[in-house]
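For reference, the chains in residue letters:
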Amino acid sequence: MTARIIDGKAVADKLNAETAAKVAAFVKTHGRAPGLAVVLVGEDPASQVYVRNKGKATIAAGMLSVEHKLPAEASEAEVLALVGKLNDDPKIDGILFQLPVPKHINADRVIDTIDPAKDVDGFNVVNAGRLAVGFDGLFPCTPLGCLVLLDEAGVKLEGAEVVVVGRSNLVGKPVTQLLLRRNATVTIAHSRTKDLAAVCRRADVVIAAVGRPRMIQGDWIKPGAAVIDVGINRIEEGGKNRLVGDVDYDAAAKVASAITPVPGGVGPMTIACLLRNTLTSAERRAKR
Ligand code: GUN
């Protein structure tokens, strides 16, 4: 079998077009555009690229994009004061605190200062709790993107055996909660899991979010399973700098029924879901 390639760019383009249409309707009704503020501390090169792309996508969707770039030496108190101002600003519907941050700043404390109604990353404990107990809230963008891709690929989640490799608060745990809400049977595997290969072989769906290049081997995939690769790893290979996922793509694509490539799979979905979350936040806040 050769896997169908799940085209994350095409799915993200479609979702972005839907969001842009709803943004236009929001502007007509409310006389203002949904607003997304991004806070970046320091000069992490990858973060600078993300923030630039987020700004462009936000504007392309017809929303207000506000960027606050603070120097690496900015104090935690300054960051907290800025978040407080954004919490109180009625033009701002979403606040994204770009990670990673310099060591002298406690990222968890900053994230938990964001108004949960504006926490479009879904990283604060209120939204994590709301996700876990089955309430409405704002949920993490990359996990949401994984579910959109599985739905678009026609993968049935109800009753399916899903193995999530990785237990981070950013991806592994929230994607597990979203899958549970869809009635999947979910196993979270991680670096201490015994016989990870055997655990993966049980899965109808593998979600790889460990951050280790090509760790998931082709023969760990059950024939016909779907594979979602969240990994984005930069490696040196054949004298070239390459971007690879957490899955050995060439081998896995020979046995899976559907697979996401890296790049062009989960990656484009994160910003698309961020924009959708920002719109959702604006709509809810307008009703309050
Ligand atoms: N750094 C890399 N990806 C992300 C993301 O989705 N959200 C935030 N806040 N920081 C990031």
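Described below are features of the structure shown in this document. (Residues numbered from 1 in each chain as written. Predicted model: local features only at pLDDT ≥ 70, side-chain atom pairs only at ≥ 80, totals over all residues. Heavy atoms only, no water.)

1. Quick word on the state of the cysteines
So, step 1. Under the criterion given, the structure shown has 0 disulfides.
So, step 2. In this model Cys141 remains outside any disulfide bridge; the closest cysteine sulfur is found in Cys273, 6.4 Å from its own.
So, step 3. We classify Cys141 as buried; its relative accessible area is 4%.
So, step 4. A relative accessible area of 0% means that Cys273 is categorised as buried. (Disulfide = S-S within 2.5 Å. Buried < 20%, exposed > 50% of the residue type's maximum accessible area, 1.4 Å probe, protein only.)

2. Considerations on the sheet that holds strand 4 (residues 94–97)
So, step 1. Read across the sheet, 3 strands follow the order 3-2-4 without closing on themselves; strand pairing throughout is parallel. What marks the edges here is a single partner per strand, and that holds for strand 3 (64–70) and strand 4. Adjacent strand axes in the sheet meet at a mean angle of 15°, parallel and antiparallel pairs treated alike.
So, step 2. As defined by bridge partners, strand 2 (residues 35–41) adjoins strand 4 across 4 bridges and the pair is classed as parallel. By the bridge assignment, Val39 is partnered in strand 4 with Phe97. (Pairing = 2+ DSSP bridges. Helix = DSSP H or I, 4+ residues; strand = E, 2+ residues; numbered from the N terminus. Axes fitted to C-alpha atoms, helices over the stretch in contact; angles between N-to-C directions.)

3. Concerning the site of the ligand
So, step 1. In the neighbourhood of the ligand, the contacting residues comprise Tyr50, Leu96, Phe97, Gln98, Leu99, Asp121, Phe123 and Thr270.
So, step 2. Within the side chain of Gln98, an N or O atom sits 2.9 Å from a nitrogen atom of the ligand.
So, step 3. Alone, the ligand offers 270 Å² of accessible surface; in the complex the protein occludes 79% of this.
So, step 4. Looking at the shell around the ligand, its residues break down into 5 nonpolar, 2 polar and 1 charged. (Near = heavy atom within 4 Å. Polar contact = N/O pair within 3.5 Å; in protein donor to acceptor, adjacent residues only side chain to side chain. Areas by Shrake-Rupley, 256 points an atom, 1.4 Å probe, with all protein chains shown as cover. Nonpolar A, V, L, I, M, F, W, Y, C, P; charged D, E, K, R; others polar.)

4. Digging into empty space enclosed by the protein
Empty space left among the atoms is revealed by rolling a probe the size of a water molecule over them.
So, step 1. Scanning all chains against the criterion turns up 1 cavity of 30 Å³ or more.
So, step 2. Considered as a void within the structure, the largest cavity measures approximately 30 Å³ in volume.
So, step 3. What lines the largest cavity is Ile95, Phe97, Ile111, Ile114, Asp119, Asp121 and Phe123.
So, step 4. In terms of residue class, the lining of the largest cavity is built from 5 nonpolar, no polar and 2 charged. (1 Å grid on protein atoms, 1.4 Å probe; cavity = no way out; pocket = protein on both sides within 12 Å on 5 of 7 lines; lining within 4 Å. Points joined across faces, edges and corners; volume = space filled by probe spheres on them.)

5. Quick look at the pairing of strand 9 (residues 233–237)
So, step 1. Two strands pair when backbone bridges link them, and strand 9 and strand 10 (residues 240–244) are joined in this way by 5 bridges, in the antiparallel orientation. Counterpart to Asn233 in the pairing with strand 10 is Val244.
So, step 2. Counted between consecutive antiparallel strands, the loop separating strand 9 from strand 10 contains 2 residues, among which Gly238 sits at a positive phi close to 55°.

6. Focus: the layout of surface pockets
So, step 1. Taken as a whole, the second largest pocket holds about 350 Å³ of empty space.
So, step 2. Phe123, Asn124, Ala128, Asn169 and Leu170 are, among the 18 residues lining the second largest pocket, the residues nearest its centre.
So, step 3. Taken together, the elements giving at least two residues each to the lining of the second largest pocket come down to helix 4 (107–111), helix 5 (125–133) and helix 7 (172–181).
So, step 4. No other element matches the 4 residues that helix 5 contributes to the lining of the second largest pocket.
So, step 5. Considering only residue class, the lining of the second largest pocket consists of 11 nonpolar, 4 polar and 3 charged.

7. A short note on unusual backbone geometry
So, step 1. Here the bond from Leu99 into Pro100 is cis, since omega is 0°, no more than 30 degrees from zero.
So, step 2. Structurally, the position occupied by Pro100 is in the loop between strand 4 and helix 4.
So, step 3. Here the amide bond leading from Val262 into Pro263 is cis, since omega sits at -5°, within 30 degrees of zero.
So, step 4. On the secondary structure map, Pro263 appears in the loop between strand 11 (258–259) and helix 10 (267–287).
So, step 5. The phi dihedral of Asn183 falls on the positive side, at around 65°, and the residue is not glycine.
So, step 6. Mapped onto the secondary structure, Asn183 falls in the loop between helix 7 and strand 6 (185–189).

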